[in-house]
Amino acid sequence: MQPGSAIGPWPGLLLCCAVALAAHLAGLAQRAFGHQVIDAYVGAILIGIAIRTFAQPGRRFDKGIDFSARTLLEIGVALLGASIGYGLVPGLSLGLVFGAMAIVAMGMGLSFAIGRALGLSKNLAIMVACGSSICGNSAIAAVAPAIRAEPPEVTSAIAFTAIWGLPLAILYPFLFDALGLTAVQYGAFAGLTIYSVPQVLAATMPIGAVATQIGTFTKLVRVMMLAPVLLAVSLANARSRNVRVTLPWFIYAFLGLVALRSLGLIPDEPRAWLLGTSNLLTLVAMAALGLSADARVLIRSGSRVSLAALASMLLIGGMGYAVVRLVG
């Protein structure tokens, strides 16, 4: 009998929950003292990496960590579909909507090519491209199980892509005057190019309410592209493995909830509960991903991932500025 088999996943699951709780409390503490610099998801990964590297939990934790990193992540991704609906799109400028779609499509292809040119594995290149082009950590976490990425790959993609997301968001308000944009144009530019939704808010709030509203809505268009991208990546991955094209269960659940949300069949209260549950499970999964990765292994491949992420974000920034100027 292998160590830990008699007690099942509970030690590892409880450890993941403890790390997730610590990351959540660290986030609350940051907000209490001003501004949250490191979000809970990245915090959970960093705490988990530190524990794996320095404390090296025994094998009795492995089953629960693996369950959290795979099964809980898949459930979290499935429930995320309840927060994505296409009812908002008609309320936006069609030029802006098509511009956002073009940035996601072109950004995915070009970012993937950059990652492969820098020597990243196929899975890492896909995840960096998704994170930079769509919606940061959520996109990476959603795509990871669809391409059967290993936990260290997911951890590396999230950690090193997030490294560049925050400083770029902090830099953005200083570009407002330098780029000669109006508040509306700046909000669209931020929404089209910044890594994650919280960072869009951080970059647009100093400019004003109009920039914040436009930036948030534009970012949501990119977020809604997660559904078709996830479907396309899943199908492509199945074909590349020369297996019958059968999507994982959580993809069907994710797309089903997207459809229900788009049709207005998920009321606000259940939607909020589903989204909260998705966030909680994803946070525990992020802790598990960190607990699966040794910092010494990540550092050896980190420079290439970091460079690919930075190049992708700068590329998408250039495309976003072009779209804003074209749409006007």
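Residues numbered from 1 in each chain as written. Predicted model: local features only at pLDDT ≥ 70, side-chain atom pairs only at ≥ 80, totals over all residues. Heavy atoms only, no water.

### Quick look at the overall build of the protein chain
- Per the secondary structure count, the protein chain includes 15 helices and zero strands.
- Computed over C-alpha atoms, the radius of gyration of the protein chain comes to 19 Å, within 12% of the 20 Å expected from 2.2 N^0.38 for 328 residues, which places it in the range of a compact globule.
- Overall, the protein chain is about 65 × 45 × 40 Å in size when its C-alpha atoms are taken along their principal axes.
- Buried positions account for 50% of the 328 residues belonging to the protein chain.
- Counting only contacts in the protein chain whose residues sit at least 6 apart along the sequence, the fraction spanning at least 24 positions is 81%.
- Here the protein chain has roughly 14600 Å² of accessible surface; of this, 70% comes from carbon and sulfur atoms.
- Seen as two clouds, the 20 positive and the 10 negative side-chain charges of the protein chain have centres 7 Å apart. (Helix = DSSP H or I, 4+ residues; strand = E, 2+ residues; numbered from the N terminus. Rg over C-alpha atoms; globule rule 2.2 N^0.38 Å. Buried < 20%, exposed > 50% of the residue type's maximum accessible area, 1.4 Å probe, protein only. Contact = heavy atoms within 4.5 Å. Areas by Shrake-Rupley, 256 points an atom, 1.4 Å probe, with all protein chains shown as cover. Lys, Arg positive; Asp, Glu negative; His and termini not counted. Charge placed at Lys NZ, Arg CZ, Asp CG, Glu CD.)

### Observations concerning the confidence of the model for the protein chain
- Confidence in the prediction for the protein chain averages 84 pLDDT; 90% of positions are at 70 or higher.
- For the protein chain, the element scoring lowest by mean pLDDT is helix α10 (residues 197-204), at 77; helix α1 (residues 10-32) scores highest, at 92. (pLDDT = per-residue confidence, 0-100.)

### Considering the packing of helix α3 (residues 62-80) against helix α6 (residues 137-146)
- One can describe the packing of α3 onto α6 by two numbers: an axis separation of 9 Å at closest approach and a directional angle of 120°. On the basis of their axis angle, the class for α3 and α6 is oblique. Regarding α3 and α6, the two cross each other, and that crossing is left-handed. The residues of α6 that touch α3, namely those facing Leu 73, Glu 74 and Val 77, are Ala 141, Ala 142 and Pro 145.
- Here the contact of α3 with α6 is composed, by residue class, of five nonpolar, no polar and one charged. (Axes fitted to C-alpha atoms, helices over the stretch in contact; angles between N-to-C directions. Parallel < 35°, antiparallel > 145°, perpendicular 65-115°, else oblique. Left-handed = near helix turned anticlockwise from the far one by under 90°. Nonpolar A, V, L, I, M, F, W, Y, C, P; charged D, E, K, R; others polar.)

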